[in-house]
2 protein chains.
Amino acid sequence: MVYIYDTTLRDGAQTRGVSFSLEDKLRITRALDDLGIHYIEGGWPGSNPKDLAYFNEVKKLNLKNSKLVAFSSTKRKGLKVEEDANIQQLVRTEVPAVTIFGKSWDLHVTQDLRISLEENLELIYETISYLKRYFDEVFFDAEHFFDGYKSNSEYALKTLKAAEEAGADCLVLCDTNGGTLWYETEEIIDAVLREVRAPLGIHAHNDSDMAVVNSLIAVRKGAIQVQGTINGLGERTGNANLCSIIPNLVLKMGVESIPKENLRKLYSVSGLVAELSNRPHPVNLPYVGENAFAHKAGVHVSAVEKNPELYEHVKPESVGNRRKIMISELSGRSNIVSKAKEFGINLDKKSPEVKEVLEKIKELEAQGYHFEGAEGSFELLLKETLGLTKKYFELKGFRVLTEKRSEDEEAYAEATIKVEIPEEVAKERGIKDRFEHTAAEGRGPVEALDRALRKALEKFYPSIKEVKLTDYKVRILNETSGTAASPRVLIVSTDGKRKWGTVGVSPNVIEASWLALVDAFKFKLMKDDEEKRGRNG
Amino acid sequence: MVYIYDTTLRDGAQTRGVSFSLEDKLRITRALDDLGIHYIEGGWPGSNPKDLAYFNEVKKLNLKNSKLVAFSSTKRKGLKVEEDANIQQLVRTEVPAVTIFGKSWDLHVTQDLRISLEENLELIYETISYLKRYFDEVFFDAEHFFDGYKSNSEYALKTLKAAEEAGADCLVLCDTNGGTLWYETEEIIDAVLREVRAPLGIHAHNDSDMAVVNSLIAVRKGAIQVQGTINGLGERTGNANLCSIIPNLVLKMGVESIPKENLRKLYSVSGLVAELSNRPHPVNLPYVGENAFAHKAGVHVSAVEKNPELYEHVKPESVGNRRKIMISELSGRSNIVSKAKEFGINLDKKSPEVKEVLEKIKELEAQGYHFEGAEGSFELLLKETLGLTKKYFELKGFRVLTEKRSEDEEAYAEATIKVEIPEEVAKERGIKDRFEHTAAEGRGPVEALDRALRKALEKFYPSIKEVKLTDYKVRILNETSGTAASPRVLIVSTDGKRKWGTVGVSPNVIEASWLALVDAFKFKLMKDDEEKRGRNG
């Protein structure tokens, strides 16, 4: 059995540019628990008030799989354990396990802590033996262990032994600077195994692109705990990526760890953490990246449909990901047909409709459109081309103004809009005035436009009120051509029942937003109609 | 000696969303040659006209270090080698080396190629022995070798032997699906070494997060050629990343390969390829990422300044990267002092100015500012607080309008602006009218605003004409709160002599862009003044 120890909320939160709110931390905790992670390191309660608040709040979650862990350093020199505020904060968390990190590299002891080597051993021993009175499990993170071993192997081993004698439940070998190559990991762990008997753990950083393999090597050598983060978040180049480690362990090495069926949640946990860390979700992540099972080349696609094993190392579904047959310049008619089938539409590969859809897609892609993440826009495009949806409204014009009257005054945004609904909708709904001309304000121009459009449409289609925008992203295509670059706007909407993505591209960011907004509302109206037809027929 | 074989231009060009122009390919070729890459796989001349044009053009570059390689598959069944158009295209490239890929997995032979196992061996033998008459070196890429070995080891080895007998100069073991774990790589290469004598190479994909270690294992076992791509570009999760492999080989394993001093160019080659592939340069890349040597935590920073080896696995300069001391919430007074020193300003850590700067930064960061990548804005903030620069102009108001008059008409953007310059500037320059009120159009609102502001400022400060915006990025903070999310705009500008980044944050994207634009122009004017003072004093 190998226990997975997640430190996304502590070491991962050290990532440049990442700052989790308390609510974010709780959401991630729930997702990790649901995935079946064995230990969740929630934070360092002594280091900041946010982590302290987390440990108070998290108790209410009633986790079903995960044990919470609090983190801290060894006590400070010269203080009794009972007097050390950091250690006392730990005790107050009342979680089942704690991790204490201590120095195992002699140079760090003398140059950074500036204490004697013997004193450091005492800190480790005293801190751990004290905490063993309060916690079921106490883990020792031997910071810089591999560098320490290279510098002074005898001393590095002594730090492990001090922790072992104090009763540590797991000795976690840390490659804190991430500089250790795989064969060094093998040699050093072999040496450790000759000297200590307590169970081992591993905590690797990725500075040499070795974090995943170093972690798995430790497991092959008998380690029972693997520390890492979702998506490999962490300082510098990041920590060992659990999204690679877990599937390698479970699907390939056949090691008992997280239940195999839970791995189907991995992809969505990875996406959630990327979203909450406000960083792009790298498309090329092994197993969980958007491109991990994307097939581009045409020949490739036909072969992969014949026998996926020829081109895929594992089944995409096993980690909750899916095979992507790309809607791209290279894609052909058979891709359109298989996409349409997902919407319940059977098309003939040789039909003129398929050709028309393909041509439209090619034209839009040349403008910078991408339909990945914007399945709503794609479904609309397909159904509009096939005549399976109607025109719900027509734009008769909009104006969006941003004004800033002086340096000290905040900018002001206002939008005016005029729309017209088709005659048959007016008749059907008994509406006399088919036009609506209205205006709204917003903190920014897109918000103003969104509000004005809703106001106009709600008059005709009250269900528009149910639509909430949950995500708004701008990507600049050709970022290097300055402010003349072309923005692509991606919007995710929900009406409580479903979630859909829509896209717009234009050299004008307002127009790009407009196009994505329009698709968002049209999609909602189309779905409402489809539901109604479903009920009636 | 281990030879580095770059396939960024061929396998890397298969990355989803990447499309290199001919000019891009030539620029990358020059950069790889300059870095000292031994082999550059330029493309598959039989597969598309762009690759063919490349081989014609590249001859004019007179490469000093690299040998060019053309790529193709084994000949088609039923044709003589002389009749196979693909093979004949290869011959016409007149490059010194070619790589031929052939099937080594029995299932691929029977299910994908649909020929007999024996026929496949003949294709390999005939293609390679024919090409040996025309080329100094012929390499054999044994596609899917590791999966093939697991499926039918005897047959997989036969394909290598066929290539060896035909005179192949290197047998390249490919992990095409990227599914092989490190210990399997070790076992399989050991088995191969017992059966063949020709030199071995390795070509790994990263689907299991193992591409780098699998490549280096092959080297430890004696392989002389390592194939990979810059930044790990490539289909799905990408190819083995040469930016990790080369420093690991040269700086850590002490293997003779690319000259150590050339590694200083690695960081810039990595950046160039990211730029030309129109993808973000991942900040967490080992060795070459922006964050690879970035230190965040405060304690950490003071320690790293005492002795960098305590926290860095290699010297950042060794790969052309640099240490970054981050201006962040966690940073304290000593970070401000060391940043100011970079601008030639000596500050006392305990001075009220340092406190003031720190407080301003904290306030701005709470609003969503980030000064990483916006050193221009940071320098302005620092010098404004210290009274080391002046106010160049004041905004008396702007209005930006976007209008779309109907669904078929393109959106139109217009900006009006009014600025005032201070009295002393007017006196100094003999200007009577201190106001300028003007207007401009643009394809989008930000472009219109940029043009209007330039028009207004150029009247007073002609050197503004030298400023070009080279990069414009929008990131939405709190993307999940819909269109009310707060945009952060990052602009990079140049005046031909220097390059600087500026930043603006506001709930209104136009205002955020405005703030970044204003900093961009103020920075230019400040630098002009500093230069003038330097010359006069």
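Residues numbered from 1 in each chain as written. Chains lettered and ligands numbered in written order. Predicted model: local features only at pLDDT ≥ 70, side-chain atom pairs only at ≥ 80, totals over all residues.

An unreviewed UniProt entry lists chain A under the name Citramalate synthase, from Phorcysia thermohydrogeniphila. Recorded under Sequence similarities (unreviewed entry), the UniProt text for chain A is reproduced unchanged: "Belongs to the alpha-IPM synthase/homocitrate synthase family." Per its UniProt entry, chain A bears the Pathway (unreviewed entry) comment "Amino-acid biosynthesis; L-isoleucine biosynthesis; 2-oxobutanoate from pyruvate: step 1/3." (UniProt positions renumbered as here; feature names shortened; annotations may be inferred.)

A. Spotlight on the overall build of chain A. A count of helical and extended segments in chain A gives 18 helices and 16 strands. Looking at the 537 residues of chain A, the share that counts as buried comes to 51%. If you take every contact in chain A between residues at least 6 apart in sequence, the share linking residues at least 24 apart comes to 69%. (Helix = DSSP H or I, 4+ residues; strand = E, 2+ residues; numbered from the N terminus. Buried ≥ 20, exposed ≤ 12 C-beta atoms within 10 Å, placed from the backbone. Contact = placed C-beta atoms within 7 Å.)

B. Inspection of the sheet that holds strand β3 (residues 67-73) of chain B at higher detail. Residues and elements named next belong to chain B. Read once around its circumference, the closed barrel built from eight strands follows the order β1-β2-β3-β4-β5-β6-β7-β8, with strand pairing classed as parallel. The sheet shows a mean angle of 25° between the axes of neighbouring strands, direction not considered. As judged from the three bridges shared by strand β7 (residues 200-204) and strand β8 (residues 225-228), these two strands associate in the parallel manner. Residue Ile 202 lies in a different strand from β8, and its bridge partner there is Val 226. (Pairing = 2+ DSSP bridges. Axes fitted to C-alpha atoms, helices over the stretch in contact; angles between N-to-C directions.)

C. View of the interface of chain A and chain B. On the chain B side, the residues contacting the 94 residues of chain A number 97 residues. At the level of secondary structure, the elements contributing two or more residues to the side of chain A that touches chain B comprise α4 (106-113), α9 (211-220), α10 (242-252), α12 (298-306), β11 (394-404), α17 (445-458), β14 (468-477) and α18 (509-536) of chain A. Counted by class, the side of chain A that touches chain B contains 37 nonpolar, 30 polar and 27 charged residues. Pairing of β11(A) with strand β11 (residues 394-404) of chain B, which is carried by seven bridges, proceeds in the antiparallel orientation. Bridged to A:Thr402 within β11(B) is B:Val400. (Nonpolar A, V, L, I, M, F, W, Y, C, P; charged D, E, K, R; others polar.)

D. Geometry of the pairing of strand β12 (residues 412-420) of chain B. Residues and elements named next belong to chain B. Going residue by residue along β12, you find Ala 413, Ala 415, Ile 417 and Val 419 tucked away on one face and Tyr 412, Glu 414, Thr 416, Lys 418 and Glu 420 left uncovered on the opposite face. Here nine bridges tie β11 to β12, and the two strands are oriented antiparallel to one another. For Gly 397, the partnering residue across the bridge sits in β12 and is Lys 418. Strand direction decides the pairing type here: β12 and strand β13 (residues 435-442), joined by eight bridges, are antiparallel. Across the sheet, the residue bridging to Val 419 is Glu 436, located in β13.

E. Broad picture of the sheet that holds β11(A). In spatial order, the strands read β13(A)-β12(A)-β11(A)-β11(B)-β12(B)-β13(B); together these six strands make up an open sheet with antiparallel pairing. What marks the edges here is a single partner per strand, and that holds for β13 (435-442) of chain A together with β13 of chain B. Mean inter-strand twist for the sheet, computed between neighbouring axes without regard to direction, equals 10°.

F. Fine view of unusual backbone geometry. All names here are of chain B. Despite not being glycine, Asp 209 has its phi angle at roughly 65°, a positive value. Looking at the secondary structure, you find Asp 209 in the loop between β7 and α9 (211-220). Taking the number of C-beta atoms within 10 Å as the measure of exposure, Asp 209 has 27 and is therefore buried. A positive phi angle is found at Asn 231, which is not glycine, with a value near 65°. Within the element layout of this structure, Asn 231 appears in the loop between β8 and α10 (242-252). Here Asn 231 falls in the buried class, since 28 other C-beta atoms lie within 10 Å of it.

G. View of the domain arrangement of chain A. The assigned domain composition of chain A is domain 1 (3-276), domain 2 (353-389 + 467-537) and domain 3 (393-460). Using C-alpha coordinates to define each centre, domain 1 of chain A is positioned 43 Å away from domain 2 of chain A. (Domains from an automatic or database assignment.)

H. Up close: the packing of helix α1 (residues 22-35) of chain B against helix α2 (residues 49-58) of chain B. Residue and element names in this part refer to chain B. For the pair α1 and α2, the least separation of the axes is 10 Å and the interaxial angle reads 45°. Taken together, the axes of α1 and α2 lie oblique to each other. Every pair of crossing elements has a handedness; the one defined by α1 and α2 is right-handed. Note on element contacts: α2 touches α1 through Lys 50, Ala 53, Tyr 54, Glu 57 and Val 58, opposite Leu 22, Lys 25, Leu 26 and Thr 29. (Parallel < 35°, antiparallel > 145°, perpendicular 65-115°, else oblique. Left-handed = near helix turned anticlockwise from the far one by under 90°.)

I. Expanded view of the UniProt feature "domain: Pyruvate carboxyltransferase" (unreviewed entry) in chain A. In the numbering adopted here, UniProt assigns the feature "domain: Pyruvate carboxyltransferase" (unreviewed entry) to residues 2-267 of chain A. A distance of 21 Å separates the end C-alpha atoms of residues 2-267 of chain A, which is 42% helix and 17% strand.

J. Inspection of the environment of B:Val81 at higher detail. All names here are of chain B. Positionally, Val 81 belongs in the loop between β3 and α3 (85-93). With 19 C-beta atoms counted inside 10 Å, the residue Val 81 sits in the partly exposed group. The sequence separation of Val 81 and Gly 501 amounts to 420 residues, and the corresponding C-alpha distance is 56 Å. Setting aside its immediate chain neighbours within four residues, Val 81 contacts Lys 75, Ile 87, Glu 126, Thr 127 and Tyr 130.

K. The arrangement of the packing of helix α5 (residues 117-131) of chain A against helix α7 (residues 153-166) of chain A in detail. Residues and elements named next belong to chain A. Direction vectors running N to C along α5 and α7 enclose 25°, while the axes themselves pass 8 Å from each other. By the angle class used here, α5 and α7 are roughly parallel. In terms of crossing hand, the pair formed by α5 and α7 is right-handed. Along its contact with α5, which presents Leu 117, Leu 121, Ile 124, Tyr 125, Ile 128 and Ser 129, the element α7 presents Tyr 155, Lys 158, Thr 159, Ala 162, Ala 163, Glu 165 and Ala 166.

L. Main features of the pairing of strand β2 (residues 39-43) of chain A. Residues and elements named next belong to chain A. Of all five residues that make up β2, five are buried, and the element is covered over most of its length. Note: strand β1 (residues 3-6) against β2, two bridges, orientation parallel. Paired with Asp 6 across the two strands is Ile 40, which belongs to β2. With respect to chirality, the unit in which β1 leads through helix α1 (residues 22-35) into the neighbouring parallel β2 is right-handed. Note that β2 and strand β3 (residues 67-73) share four bridges and pair parallel. Counterpart to Ile 40 in the pairing with β3 is Leu 68. (Right-handed = clockwise from strand over helix to strand, strands pointing away.)

M. Region of interest: the relation of the copies chain A and chain B. Superposing chain A onto chain B takes a rotation of 179° plus a shift of 0.7 Å along the axis, which leaves an RMSD of 1.1 Å. Viewed as a symmetry operation, the transformation between the two copies matches a two-fold axis. Across chain A, the smallest distance between a C-alpha and the rotation axis is recorded for A:Leu401, namely 2.7 Å. Interface overlap between copies is the fraction of interface residues in one copy that are interface residues in the other; for chain A against chain B it reaches 97%, indicating a shared surface. (Least-squares fit on C-alpha atoms with pLDDT ≥ 70 in both.)

N. Quick peek at α1(A). All names here are of chain A. For α1, spanning 14 residues, the distance from its first C-alpha to its last is 20 Å, which sits close to the expected 20 Å at 1.5 Å a residue. Listed as buried for α1 are Lys 25, Ile 28, Thr 29, Ala 31, Leu 32, Asp 33 and Leu 35. Buried-residue contacts for α1 involve β1, β2, α2 (49-58) and α11 (266-276). One or two positions beyond α1, positive phi appears at Gly 36, with a value near 100°. (Expected span 1.5 Å × (residues − 1).)

O. Geometry of the environment of A:Arg429. Looking at the element boundaries, A:Arg429 is found in helix α16 (residues 423-429). The spacing of A:Arg429 and A:Tyr461 is 32 residues in sequence and 9.5 Å in space, taken between C-alpha atoms.

P. Seen up close, helix α8 (residues 182-193) of chain B. Residue and element names in this part refer to chain B. Here α8 contains twelve residues, and its C-alpha end-to-end distance of 17 Å stays within 8% of the 16 Å for a straight helix at 1.5 Å per residue. Residues Trp 182, Thr 185, Ile 188, Ile 189 and Val 192 constitute the buried set of α8. Along the axis of α8, the buried residues cluster in a sector spanning 125°; they form a single face. Structural note: α8 exposes Glu 187 and Asp 190 on the side pointing more than 90 degrees away from its buried face. (Arc of directions from axis to C-beta.)

Q. Structural context of the environment of B:Lys349. All names here are of chain B. Mapped onto the elements, Lys 349 comes out in the loop between α13 (333-342) and α14 (352-367). With 16 residues separating them along the chain, Lys 349 and Arg 333 place their C-alpha atoms 6.0 Å apart. When neighbours within four sequence positions are excluded, Lys 349 is seen to be in contact with Arg 333, Ser 334, Val 337 and Val 354.

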